[in-house]
Amino acid sequence: MIITLSLGTLAFSTVNAVVSILPQKTFLEKIGGDKVDVSVMVKVGNSPHTYEPKPSQMKDISRANIYFSIGVEFEKVWLPKFKNQNKKMKIVDMSQNISKHKKDPHIWTAPQKVKIIAKNILDKLINIDAKNQTYYEANYQNFIATIEQTDKKIQNILNSIPANSKFMVFHPAWGYFAKQYNLIQLPIEIDGKNPKPKELIWLINEAKKQNVKSVFTAPEFSDKIAKQIAKEVGVPVVKISPLNPKWSENLQNLAKAIAGD
Ligand code: ZN
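Residues numbered from 1 in each chain as written. Predicted model: local features only at pLDDT ≥ 70, side-chain atom pairs only at ≥ 80, totals over all residues. Heavy atoms only, no water.

Colleague: Looking at this structure, how should I read the packing of helix H2 (residues 22-32) against helix H5 (residues 111-128)?
Modeller: Any two packed helices are characterised by the angle at which their axes cross and by the distance between the axes. Where H2 meets H5, the closest approach of the two axes is 10 Å, and the angle between their N-to-C directions is 55 degrees. Regarding the angle of H2 to H5, the classification is oblique. In this structure, the crossing between H2 and H5 has a hand that is right-handed. The residues of H5 that touch H2, namely those facing Phe27, Leu28, Ile31 and Gly32, are Val114, Ile117, Ala118, Ile121, Leu122 and Leu125. The residue inventory of the contact of H2 with H5, partitioned by class, reads 9 nonpolar, 1 polar and no charged. (Axes fitted to C-alpha atoms, helices over the stretch in contact; angles between N-to-C directions. Helix = DSSP H or I, 4+ residues; strand = E, 2+ residues; numbered from the N terminus. Parallel < 35°, antiparallel > 145°, perpendicular 65-115°, else oblique. Left-handed = near helix turned anticlockwise from the far one by under 90°. Contact = heavy atoms within 4.5 Å. Nonpolar A, V, L, I, M, F, W, Y, C, P; charged D, E, K, R; others polar.)

What follows is the structure, encoded as structure tokens:
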């Protein structure tokens, strides 16, 4: 039984892919289905801003036929090393044709951008595995429908609060989400650094003035300062990671917390 099963898996999966972060795995599996085997570089609890791949992950690279980058920080140093490790591996960019905000790599937090990511994935998969084109196209259509449903659900949740509502977050990972839904992100961390005492006082006053419902933090970062601010303002700290693989549910949960549901 077990032998049959593993042979079956081998026969099905024709593309060996590596991605940088978990949401990419989610997107790629939606379109690639059982034709694509996906390994992830940045595991749960790590930050793609400071990540360094482990030696065992270099083995994943040696076996891969394709690497999907997305423009996160560690790629700058590591993509050339990956290329050296496996010269036959294609490196393609999931963030192609997406206009980016200055210094903000977190494009996958906006459903609009994820639609473009989905098209990039489709094109690259057809390019590397043309015989499964029809299969990939059908999966792509389903995924686009999921993205559109997600977008509608988020809009419905956010209908209860005024446009340009502000939300406070430790690491500014939600800029594209904010832009798409007419929200304003108030970051605690500035250029990757903790606020100075004066800035901290300003942030506390601003949070009170703007009636923020919670202070968001992510498991990849220390929540010490977020907790301090939340305590002063009298709102909860909500842990939510932009790297959560349950992409759709995660964005809906963020919207609910912003709306104070
Ligand atoms: Zn980040």
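Colleague: Would you explain the coordination of the zinc ion in this entry?
Modeller: Angles at a metal have ideal values that depend on geometry: 109.5 degrees with four tetrahedral donors, 90 or 180 degrees with six octahedral donors. Taken together, the protein ligands of the zinc ion are His49 (NE2), His106 (NE2) and His171 (NE2), with distances of 2.0 to 2.1 Å. Of note, the donors binding the zinc ion are all from one chain and are spaced H-x56-H-x64-H. Taken together, the positions of His49 in the loop between strand E2 (36-40) and helix H3 (55-63) and His106 in the loop between strand E4 (90-93) and H5 put the pair 57 residues apart, joining distant regions of the chain. A relative accessible area of 6% places His106 in the buried class. (Donors = N, O, S within 2.8 Å, 3.2 Å for Na, K, Ca; no water. Buried < 20%, exposed > 50% of the residue type's maximum accessible area, 1.4 Å probe, protein only.)

Colleague: What exactly am I supposed to notice about the packing of aromatic side chains here?
Modeller: Any aromatic ring pair is given by two values, namely how distant the centres are and how the planes are angled relative to each other. All chains considered together, the criterion is met by 10 aromatic pairs. Taking the centre distance of 5.6 Å and the plane angle of 85 degrees together, the rings of Phe27 and Trp247 count as edge-to-face. Residue Phe27 is found in helix H2, and its partner Trp247 is found in helix H10 (residues 247-259); the two are separated by 220 residues along the sequence. For the pair Phe27 and Trp247, one class covers both residues: buried. For the ring pair Trp174 and Phe177, a centre distance of 6.4 Å and an interplane angle of 80 degrees mean the geometry is edge-to-face. Pair check on accessibility: Trp174 and Phe177 agree, each one buried. (Phe/Tyr/Trp six-rings, centres within 6.5 Å; stacked < 30°, edge-to-face > 60°.)

Colleague: Is there a simple way to think about H5 in this case?
Modeller: The α-helix advances 3.6 residues per turn, and as a result positions three or four apart in sequence lie on the same side. Helix length check: H5 (18 residues) gives 26 Å between terminal C-alpha atoms against 26 Å at 1.5 Å per residue, within 8%. Considered for burial, the residues of H5 that qualify are Pro111, Lys113, Val114, Ile117, Ala118, Asn120, Ile121, Leu122, Lys124, Leu125 and Ile126. (Expected span 1.5 Å × (residues − 1).)

Colleague: Would you take a moment to explain the nonpolar core for this structure?
Modeller: Taken as a class, soluble globular proteins show a tendency for nonpolar side chains to be buried jointly. With 69 residues, the main nonpolar core has Leu28, Phe82, Trp108, Ile117 and Phe177 as its most contacted residues. The greatest single-element share of this core, amounting to 8 residues, is contributed by helix H6 (residues 133-158). Excluding residues that lie within four positions of it along the chain, Ile117 makes contacts with Phe27, Ile70, Met94, Ile98, Ile107 and Trp108. (Core = buried A, V, L, I, M, F, W, Y, C linked by side-chain atoms within 4.5 Å.)

Colleague: Any chance you could explain the pairing of strand E6 (residues 183-187) here in plain terms?
Modeller: Working note: regular strand, side chains alternate between the two faces of the sheet. In this sheet, E6 lies alongside strand E5 (residues 165-169) in parallel orientation, the contact comprising 5 bridges. From the neighbouring strand, Ser165 faces E6, where its bridge partner is Leu183. Viewed along the sheet, the connection from E5 through helix H7 (residues 175-180) into E6 turns out right-handed. (Pairing = 2+ DSSP bridges. Right-handed = clockwise from strand over helix to strand, strands pointing away.)

Colleague: Which parts of the structure should I look at to understand the side chain of Ser248?
Modeller: Within the fold, Ser248 resides in helix H10. Within the structure, Ser248 has its side chain in polar contact with the side chain of Thr150 (distance 2.8 Å). (Polar contact = N/O pair within 3.5 Å; in protein donor to acceptor, adjacent residues only side chain to side chain.)

Colleague: Where do I start with the sheet that holds strand E1 (residues 15-19) in this structure?
Modeller: Whenever strands of a sheet pair, they do so through backbone hydrogen bonds, lying parallel or antiparallel. Reading across from one edge, E2-E1-E3-E4 is the order of the 4 strands in this open sheet, with parallel pairing throughout. Unpaired on one side and paired on the other, E2 and E4 mark the two borders of the sheet. Across the sheet, the mean angle separating the axes of adjacent strands is 25 degrees when strand polarity is ignored. Pairing geometry for E1 and E2, over 5 bridges, is parallel. Within E2, the position partnered with Val19 by the bridge is Val40. Lying over the sheet, H2 contacts E1, E2 and strand E3 (66-69), oriented at roughly 180 degrees with respect to E2.

Colleague: Please explain unusual backbone geometry as it appears in this structure.
Modeller: For residues other than glycine, phi is negative in most cases, and the peptide bonds are mostly trans. Its identity as a non-glycine residue notwithstanding, Asn164 has a phi of 65 degrees, on the positive side. Tracing the chain through its elements places Asn164 in the loop between H6 and E5. Take Asn164: its relative accessible area is 48%, and that puts it in the partly exposed class. Positioned with a positive phi, Asn182 is a non-glycine residue whose angle comes to about 55 degrees. Position of Asn182 among the secondary structure elements: in the loop between H7 and E6. Among the residues examined, Asn182 registers a relative accessible area of 47% and is labelled partly exposed.

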